[in-house]
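Notes for the structure review
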Amino acid sequence: MSEKMMENVNNDNDYVIESFFKSVQECPPEIEANVTGSIPDWLNGSLIRLGPGKWDLKDGFTLNHWLDGCAILVRFRFNRGQVFYSSRFVDSDAYRKMTTVHKPIYTEFGTRAYPDPSKSVLSRMLSRVVPSDLTDNDISNIYMLNDDLFVATESCNIWKIEAKTLHSLEKINLDKVVGVNLSSSHPLYSKSDGCYYNVGTSFLTGMRYQIYKVPRQSTVNSAESINAFRSSTIICTIPSSWKTCFSYVHSFAMSINYIIIIEQPLVVNAFKLATCTAKGKSLEECLEWRPEESTKFHIIDKNTGRELKVRYESDAFFFFHVINAYEQDGYIILDMIAYDDVSILEKYHIKRLRRNEWSEKSPPIARRFVFPLETRLSNDESINMVQIDGFTSSAHRRGDGAVWLTWEELAPPGFETPTVNSAYSGLKHRYIYGSGTFEKGYFANSVCKVDCEAKTVKKWTDTQHTYPGEAFFVPKPGCISEDDGVILTAVMQGDSDKGHYLGVLDATNMQEMARAVLPRATCQFPPTIHGIFLPGEDE
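What counts and what doesn't
- Residues numbered from 1 in each chain as written.
- Predicted model: local features only at pLDDT ≥ 70, side-chain atom pairs only at ≥ 80, totals over all residues.
- Heavy atoms only, no water.
- Helix = DSSP H or I, 4+ residues; strand = E, 2+ residues; numbered from the N terminus.
- Contact = heavy atoms within 4.5 Å.
- Pairing = 2+ DSSP bridges.
- Axes fitted to C-alpha atoms, helices over the stretch in contact; angles between N-to-C directions.
- Salt bridge = Lys/Arg side-chain N within 4 Å of Asp/Glu carboxyl O.
- Buried < 20%, exposed > 50% of the residue type's maximum accessible area, 1.4 Å probe, protein only.
- Core = buried A, V, L, I, M, F, W, Y, C linked by side-chain atoms within 4.5 Å.

Focus: the environment of E327
With respect to the element layout, E327 can be found in strand β23 (residues 318-328). With 44 residues separating them along the chain, E327 and F371 place their C-alpha atoms 9.4 Å apart. Setting aside residues no more than four positions away along its own chain, E327 makes contact with S255, I256, N257, Y258 and I332.

Quick word on the sheet that holds strand β19 (residues 266-269)
Sheet architecture is open: 3 strands sit in the order β16-β19-β20, paired in antiparallel fashion. Lying at the two open borders of the sheet, with one neighbouring strand each, are β16 (245-247) and β20 (287-289). Each adjacent strand pair in this sheet contributes to an overall mean axis angle of 35°, direction not counted.

Quick notes on the pattern of salt bridges
Tallied over the entire structure, the rule returns 30 salt bridges. A salt bridge links K160 to D148, with the nearest nitrogen and oxygen atoms 3.8 Å apart. One end of the pair, K160, is in strand β9 (residues 157-161); the other, D148, is in strand β8 (residues 148-152), and 12 residues separate them in sequence. Across the pair, D148 and K160 agree in class, each one buried. Here D483 and K449 are joined by a salt bridge, their closest N and O atoms 2.7 Å apart. Taken together, the residues span a long stretch of sequence, with D483 in the loop between β35 (472-475) and β36 (485-493) and K449 in strand β32 (residues 446-451) at a distance of 34 residues. As far as the burial class goes, D483 and K449 line up, both buried. Via salt bridges that share partners, D91, D93, R96, D136 and K171 belong to a single interconnected network.

A word on the nonpolar core
Burial of nonpolar side chains together is a common tendency in soluble globular proteins. The biggest cluster of nonpolar side chains holds 104 residues, and the ones touching the most others in it are F76, F78 and F318. In terms of residue count, the dominant contributor to this core is strand β5 (residues 71-79) (6 residues). Contacts of F76, omitting those with residues within four sequence positions, involve G45, S46, L47, V83, F84, Y85, L502, L518 and F525. Formed by 30 residues, the second largest nonpolar core is a distinct cluster that contains I262, A325, A338 and F369.

Scope: geometric values only; no functional claims are made or implied.
Right, here's the structure in full:
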């Protein structure tokens, strides 16, 4: 990917993000936040968030990309109207080496791996010929699986975390226990069978994607989480569309009966990846953007493990996050956040962020795709097979037999890290919540609620110097309506005289209910990516 992709760089006086990308110190002892407003009585538990938090190592070495930073966990604990904050770095092998050697010894997204001086000369020579283990710097996602808490990134290494202390308990190598070289950051839970599903990628013995299923095991010994993964099964294997490459897979979609793998034309060159250590290349330098090629959708029957024979394709796009997928009247509806190109990856280079630079090119857009299943298919190329009132997506048969999809835009451009009420995962949802993060335009400095039925948007904005993170929905106990609950959002404060804070919003009207402000002088807070709410704690 090239520097030439960056255009329309915004660097005005009102855009103040450079201080958010300075390395922070962890804060294991809890600090009480200053709460203003009223937190609902029922909101007890912990919001735990994850993201990069340290880019500057000793001896003047700075990591190149936001996604290279050492993973840090932050915890907001709610207890009877009070909020307590703590944070701790994930004690990964990558973190320990970076803070000891002062350079990364594992290949990170935007920074190459360096030789490990603690190894013998022979071992160091071999590690440059045969790539060492992939990074376990798990900055991408945090999730529960079989009552255990895990953090993950795109590699095969995940870490089990103790929720109350944020201690790193156990590293699990999915390559060894599941048999996948890489794994998506976003596994999904299936209510219909109580199992967890994820998409892995294998490239050492051929380019292919593998859907693996981890069974629900409530009796798993909490000290041996690895047993749950050893019980997993591969339910489907799909060859890559490229002989020497495979698609970058951050997330996938799942409805009640189907799994959708989205094969986007941002590909990982397997030869470059296999030689990146020897040649001193980062993961980013192993990626190739091929906009002249289509995006392909592989739809797999979850019950049989068989891929539907229909070829679904669309114009090229890049994406990180699926919003949700569900089935309706012989169709699969898939909502996701997509980009016209991959320039978002360039925007997060540390040097640019620390110069307050942010390109307005190619913002994220919420898009809806509709897949006609067998009873809705037609061979007539003139017929739009999407026949749902109010939908503007389309699906047409092409001369080569493929079904060509066009998308519907659900909202103006500019919000990311989408969430829905988790009770509606795999089911028809009405509301999507999101954050403008650092984007300019319609969703700048805002969190939002998109009504997919009424086709309306509600926003909450504090000031032009505040930057809300992921809008995480927490349902009210016993709620009946889909939006009966609160939105929790960690807000970065660009005004140096004020503290960062956690905002609590009423999800029905997007009005602020309370905020928990952290002391700026003693509490450092990084821009996190994803979070999870663990209810029921009352300490």
